[in-house]
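# Remarks on the overall topology
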Amino acid sequence: MRKVYLVGGGPGDPELITVRGMKLLQQADVIIYDRLVSRRLLAYAKPGAELIYVGKEAGRHRYTQEEINRLLVEKAGSGVVVRLKGGDPFVFGRGGEEVMALRRHGIEVEVVPGVSSAIAVPALAGIPVTHRGVASSVTLVTGYTAERRIDYASLSGDTVVVLMGVRSLKKIAEEMMHTRSPETPVAVIEKGSMQSQRVVTGTLADIAEKAERAKLSPPAVTVIGEVVRLRREFL
Ligand SMILES: C[S@@+](CC[C@H](N)C(=O)[O-])C[C@H]1O[C@@H](n2cnc3c(N)ncnc32)[C@H](O)[C@@H]1O
């Protein structure tokens, strides 16, 4: 039977993969992995496992999504095949497209959810995305708008978490100030869960300038909302 395991690798720290994910990683004959997967996780692969990097470098795609889909179909059936993705496969991870491509070829897929950076990276920086009396709803949104237009001004959610947004922070903050106070607290967390993690805090009015001054770069998660103030108490 041809089968592929679509495994979420967590936000970076190798200890944050699930037990099921780790077991599959250790059994895998083939591991097809992305750029945001911790290289330290790959150290758990068994000797002789085939490790295939399909990460997309900024500005230059090593593999298109279609090529990744084809590769998954081709490798399915070569023993235990793990498709290892950063965070959770279904949170801006294009995991759904991979499931559909595999199913179209009659290949079974088991999804192993992962700890998503959308929730875990703020948590590790001392920010709960919800908190009784402060925030009872969260919106996850992408800052990558090359393929679609997002109306940031009309996003609902007491807390807004932006992935892939560090490069478009200025535009997002400007748009959000049409409907939210310029004093709304914001935190940008770069390389969350890693030793090199950095956090820059500010408000919608000044966060873009602060992030630029700090030269923040991807991967980074931006949290917008009153929950950011709790950081002072939680750290
Ligand atoms: C293509 S999306 C994949 C998200 C992933 N599926 C997840 O659930 O975390 C990549 C974005 O996730 C965020 N991200 C992933 N890992 C991160 C980390 N360790 N620190 C900060 N942001 C991270 C960044 O916004 C990055 O640009």
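Here the structure is shown first, and the text comes after it.
## As for the nonpolar core
- Membership of the largest hydrophobic core comes to 20 residues, with the highest contact counts inside it found for Val 141, Tyr 152, Val 160, Met 176, Val 188, Ile 207 and Ile 224.
- Elements that contribute at least two residues to this core include exactly β7 (159–163), α6 (169–176), β8 (185–190), α7 (207–213) and β10 (220–224).
- Looking at this core element by element, the count peaks at four residues for α6.
- Those residues in contact with Met 176 that lie beyond four places of it in its chain are Tyr 152, Ala 153, Val 160, Leu 204 and Ile 224.

## Observations regarding helix α3 (residues 65–75)
- All buried positions along α3 are accounted for by Gln 65, Ile 68, Asn 69, Leu 71, Leu 72, Val 73 and Lys 75.
- Those residues of α3 that are buried are in contact with β1 (3–8), β2 (30–33), β3 (50–53), β4 (81–85) and α4 (95–104).
- Looking one or two residues past α3, Gly 77 carries a phi angle of roughly 105 degrees, positive in sign.

## Examining the pairing of β10
- For β10, the buried fraction is high: five of the five residues fall into the buried class.
- Side-chain alternation along β10 places Ala 220, Thr 222 and Ile 224 on one buried face and Val 221 and Val 223 on a second face that is also buried.
- In this sheet, β10 lies alongside β7 in antiparallel orientation, the contact comprising four bridges. What sits directly across from Val 162, in β10, is Thr 222.
- Taken together, the five bridges between β8 and β10 define a ladder with antiparallel strand orientation. Directly across from Ala 187, in β10, lies its bridge partner Val 223.

## Quick notes on the sheet that holds strand β5 (residues 108–112)
- In space, the five strands of this open sheet follow the order β3-β2-β4-β1-β5, with parallel pairing throughout. The open sheet has two edge strands, β3 and β5, and neither has a second partner. Going from strand to strand, the sheet's axes swing by 20 degrees on average, the running direction of each strand aside.
- Sheet topology note: the β1/β5 ladder contains five bridges and is parallel. Considered in β5, the bridge of Lys 3 is made with Glu 108.

## Digging into the packing of aromatic side chains
- Here the structure, examined in full by the defined rule, presents one aromatic pair.
- Aromatic side chains Tyr 33 and Tyr 53 sit 5.4 Å apart centroid to centroid with 50 degrees between the ring planes, which places their arrangement in the tilted category. Here Tyr 53 lies in strand β3 and Tyr 33 lies in strand β2, a separation of 20 residues in the sequence. For the pair formed by Tyr 33 and Tyr 53, the shared burial category is buried.

## Focus: the environment of Ala 118
- With respect to the helices and strands, the residue Ala 118 is situated in helix α5 (residues 117–124).
- Distance in space between the C-alpha atoms of Ala 118 and Leu 140 is 7.3 Å, their sequence separation being 22 residues.
- When neighbours within four sequence positions are excluded, Ala 118 is seen to be in contact with Val 91, Val 129, Leu 140, Val 161 and Leu 163.

Quick notes on the rules
- Residues numbered from 1 in each chain as written.
- Predicted model: local features only at pLDDT ≥ 70, side-chain atom pairs only at ≥ 80, totals over all residues.
- Heavy atoms only, no water.
- Core = buried A, V, L, I, M, F, W, Y, C linked by side-chain atoms within 4.5 Å.
- Buried < 20%, exposed > 50% of the residue type's maximum accessible area, 1.4 Å probe, protein only.
- Helix = DSSP H or I, 4+ residues; strand = E, 2+ residues; numbered from the N terminus.
- Contact = heavy atoms within 4.5 Å.
- Pairing = 2+ DSSP bridges.
- Axes fitted to C-alpha atoms, helices over the stretch in contact; angles between N-to-C directions.
- Phe/Tyr/Trp six-rings, centres within 6.5 Å; stacked < 30°, edge-to-face > 60°.

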